[in-house]
Amino acid sequence: MTAKKYVKDVGSLLQCRTSKKREIKRTLLLEICDAVDKGESLEDVLGHRGSAWECASHYNEHFGSEERKAIKREKRLKTWGLFLFIAVLVIVYIQRSMPVWTDIAESTVFEEAQVQASAKEIIYLYSDDAFDAIIEHMDADLCRVLDMATLQRKKAQIARDFGPLSEIEQIQISEAQEHGQKFAMAQAQVTYANIRVLFALTFDDEMKLVGFYVQKQ
């Protein structure tokens, strides 16, 4: 982990205006570099500040109501989405035609119970903020689009606190075929103490996660 990478990760988690983010990132990088120049190791300097998430949370806790209003205005101007939709099927698989969906019970590739179990595992990991473990389930293409900082940031944009997971409602599973390749998609309504969300998860024939979509209901 370099100082610039650490500062970049912190910046991606800050809940403030773009100009404020630049100011904080510039100051933070200078402070880290100054400490290293005075003889401290980079590992010790970053260790004192905690993870990027912890460091960003420290800043976020001190932003006042005016800053929160300002970022809302900025988000509206930039037409930020509520969450990410990295395609139901990763964009490399989607060309011009829509996939053909069929009943998972007719599949010769996927077992419904296995898809359901994998979907529940991803939901539990997401609920526990185990974003690094989710990334391990992704295929290489999705990994190039999503990283841990992005998952953390987007979850925080949906709600500051989901609360404990209350219920995973019945998971609906379908199979899709496109250009000779088959995929399994699992959709589930999930209830937490403070929010209700929709998960849409797509797996390839090796049960790698190739599509990831979460939205507030």
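Provided above is the structure to which this section pertains.
A few points on the structure. (Residues numbered from 1 in each chain as written. Predicted model: local features only at pLDDT ≥ 70, side-chain atom pairs only at ≥ 80, totals over all residues. Heavy atoms only, no water.)

**Let's talk about the overall build of the protein**
And step 1. Within the protein, the secondary structure is distributed over nine helices and six strands.
And step 2. Going through the 217 residues of the protein one by one, you find that 44% of them count as buried.
And step 3. Long-range pairs, those at least 24 residues apart, make up 63% of the contacts in the protein between residues at least 6 apart in sequence.
And step 4. Carbon and sulfur atoms provide 49% of the accessible area of the protein, an area that totals close to 12,500 Å². (Helix = DSSP H or I, 4+ residues; strand = E, 2+ residues; numbered from the N terminus. Buried < 20%, exposed > 50% of the residue type's maximum accessible area, 1.4 Å probe, protein only. Contact = heavy atoms within 4.5 Å. Areas by Shrake-Rupley, 256 points an atom, 1.4 Å probe, with all protein chains shown as cover.)

**What about a positive patch on the surface?**
And step 1. Where like charges cluster on the molecular surface, the positive patch consists of Lys8, Arg22, Lys25 and Arg26.
And step 2. Sort the elements by how many residues they give to the positive patch and helix 2 (residues 18-37) lands first, with three residues.
And step 3. By the secondary structure assignment, Lys25 is in helix 2.
And step 4. Judged by relative accessible area, which is 32%, Lys25 ranks as partly exposed. (Patch = residues over 30% accessible without salt bridge, like charges linked within 9 Å, V, L, I, M, F, W, Y side chains within 5 Å. Salt bridge = Lys/Arg side-chain N within 4 Å of Asp/Glu carboxyl O. Lys, Arg positive; Asp, Glu negative; His and termini not counted. Charge placed at Lys NZ, Arg CZ, Asp CG, Glu CD.)

**A closer look at the packing of helix 1 (residues 3-13) against helix 2**
And step 1. Between helix 1 and helix 2, whose axes approach to 10 Å, the crossing angle comes to 150 degrees. The angle between helix 1 and helix 2 falls in the class roughly antiparallel. Pair helix 1 / helix 2 crosses with right-handed handedness. Residues Ala3, Lys4, Tyr6, Val7, Lys8, Val10 and Gly11 of helix 1 form the contact with helix 2, whose participating residues are Lys21, Lys25, Leu28, Leu29 and Ile32.
And step 2. Class assignment of the residues belonging to the contact of helix 1 with helix 2 gives a composition of seven nonpolar, one polar and four charged. (Axes fitted to C-alpha atoms, helices over the stretch in contact; angles between N-to-C directions. Parallel < 35°, antiparallel > 145°, perpendicular 65-115°, else oblique. Left-handed = near helix turned anticlockwise from the far one by under 90°. Nonpolar A, V, L, I, M, F, W, Y, C, P; charged D, E, K, R; others polar.)

**Structural notes on the side chain of Asn60**
And step 1. One can find Asn60 in helix 4 (residues 52-61).
And step 2. Within the structure, Asn60 has its side chain in polar contact with the backbone oxygen of Leu13 (distance 3.2 Å). (Polar contact = N/O pair within 3.5 Å; in protein donor to acceptor, adjacent residues only side chain to side chain.)

**Comments concerning the layout of surface pockets**
And step 1. Each pocket or cavity is described by its volume, and for the second largest pocket that value is around 400 Å³.
And step 2. In terms of lining residues, the second largest pocket is bounded by 18 residues, among which Trp53, Ala156, Ala159, Arg160 and Asp161 are the most central.
And step 3. In terms of residue class, the lining of the second largest pocket is made up of seven nonpolar, six polar and five charged. (1 Å grid on protein atoms, 1.4 Å probe; cavity = no way out; pocket = protein on both sides within 12 Å on 5 of 7 lines; lining within 4 Å. Points joined across faces, edges and corners; volume = space filled by probe spheres on them.)

**Quick word on the nonpolar core**
And step 1. Among the nonpolar cores identified, the biggest contains 36 residues, and Tyr126, Tyr192, Val197, Phe199, Leu201, Leu209 and Phe212 are the most heavily contacted of them.
And step 2. Elements that contribute at least two residues to this core include exactly helix 6 (112-127), helix 7 (131-137), helix 9 (148-158), strand 4 (181-192), strand 5 (196-203) and strand 6 (209-216).
And step 3. The element that contributes the greatest number of residues to this core is helix 6, accounting for six residues.
And step 4. Every residue in contact with Val197, bar those within four places of it in the chain, is listed here: Ile158, Phe162, Ala188, Gln189, Val190, Tyr192, Val214, Gln215, Lys216 and Gln217.
And step 5. In this structure, Val10, Ile24, Leu46 and Ala56 belong to the second largest nonpolar core, which totals 17 residues. (Core = buried A, V, L, I, M, F, W, Y, C linked by side-chain atoms within 4.5 Å.)

**Considerations on helix 1**
And step 1. A large share of helix 1 lies buried, amounting to eight of its 11 residues.
And step 2. Among the residues making up helix 1, those that are buried are Ala3, Tyr6, Val7, Asp9, Val10, Gly11, Ser12 and Leu13.
And step 3. Residues of helix 1 that are buried sit in contact with helix 2, helix 3 (42-49), helix 4 and helix 9.

**Looking at the pairing of strand 5**
And step 1. In terms of residue burial, strand 5 counts as a mostly covered element, since seven of its eight residues are buried.
And step 2. Looking at chain direction, strand 4 and strand 5 are connected through eight bridges and run antiparallel. Within strand 5, the position partnered with Met185 by the bridge is Thr202.
And step 3. Taken together, strand 4 and the strand that follows it, strand 5, pair antiparallel across an intervening segment of three residues.
And step 4. Taken together, the seven bridges between strand 5 and strand 6 define a ladder with antiparallel strand orientation. Note on strand 6: the bridge partner recorded for Ala200 is Tyr213.
And step 5. Here strand 5 folds back onto strand 6 in antiparallel fashion, the turn holding five residues, of which Met207 has a positive phi close to 60 degrees. (Pairing = 2+ DSSP bridges.)

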